Amino acid sequence: MQQPTCIVKACQDPTDTVLHFEGNGQWLVACLIHLGIEKNEAIFMISKFLDCAPDPDEVFDKEPDEGLTLFICPKCASEAKFPPPANAGMPVPVIAQHG
């Protein structure tokens, strides 16, 4: 089985560490953008995750909090000012929407 790679496109290094994000669709898009993923791609990714097809802009209307766990290497998490990621299967830091 191939090892997962970091979600950050400029990196794509193999990693077994993850962060967990919780919030509405707009929050999840913002987290991906903060990781350096281009806005349109972030919207597309979250629309697929939230099953918003055929209208990706529906992610901004999704209110219930969702949980999304992403593979990210420690270097990219640090550069985005997120807590250090944890090995998959271990307790994982959660980046949650407040308010």
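First, a word on what this report is: a plain description of the structure on this page. (Residues numbered from 1 in each chain as written. Predicted model: local features only at pLDDT ≥ 70, side-chain atom pairs only at ≥ 80, totals over all residues. Heavy atoms only, no water.)

## A word on the nonpolar core
Thinking step 1. Membership of the largest hydrophobic core comes to 27 residues, with the highest contact counts inside it found for V8, F21, L35, I46, I72 and F82.
Thinking step 2. Residue assignment for this core shows that the elements contributing at least two residues are β1 (17-23), α1 (25-34), α2 (39-49), β2 (66-71) and α3 (74-79).
Thinking step 3. If one sorts the elements of this core by residue count, α1 sits on top with four residues.
Thinking step 4. Ignoring anything within four residues of it in the chain, the contact list for L35 reads I7, V8, F21, L70, I72, A80 and F82. (Core = buried A, V, L, I, M, F, W, Y, C linked by side-chain atoms within 4.5 Å. Buried < 20%, exposed > 50% of the residue type's maximum accessible area, 1.4 Å probe, protein only. Helix = DSSP H or I, 4+ residues; strand = E, 2+ residues; numbered from the N terminus. Contact = heavy atoms within 4.5 Å.)

## Here we look at the packing of aromatic side chains
Thinking step 1. All told, the structure shown has one aromatic pair when counted by the stated rule.
Thinking step 2. Pairing F21 with F82 gives two aromatic rings, centres 5.4 Å apart and planes at 75°, and the pair type is edge-to-face. With a gap of 61 residues between them, F21 in strand β1 and F82 in the loop between α3 and β3 (86-87) connect regions that are remote in the sequence. With respect to class, F21 is no different from F82; both count as buried. (Phe/Tyr/Trp six-rings, centres within 6.5 Å; stacked < 30°, edge-to-face > 60°.)

## A few points about the pattern of salt bridges
Thinking step 1. Applying the stated rule across the entire model yields two salt bridges.
Thinking step 2. For E41, the salt bridge goes to K9, with nearest N and O atoms at 3.4 Å. With E41 in helix α2 and K9 in the segment before β1, this residue pair connects regions lying 32 residues apart in the sequence.
Thinking step 3. Residue classification places E41 among the partly exposed positions, given a relative accessible area of 25%.
Thinking step 4. Residues K75 and E79 are paired through a salt bridge, measuring 3.7 Å at the closest nitrogen-oxygen approach. (Salt bridge = Lys/Arg side-chain N within 4 Å of Asp/Glu carboxyl O.)

## Here we look at a negative patch on the surface
Thinking step 1. There is a patch of like negative charges on the surface, built from D55, D57, E58 and D61.
Thinking step 2. For D57, the position within the fold is in the loop between α2 and β2. (Patch = residues over 30% accessible without salt bridge, like charges linked within 9 Å, V, L, I, M, F, W, Y side chains within 5 Å. Areas by Shrake-Rupley, 256 points an atom, 1.4 Å probe, with all protein chains shown as cover. Lys, Arg positive; Asp, Glu negative; His and termini not counted. Charge placed at Lys NZ, Arg CZ, Asp CG, Glu CD.)

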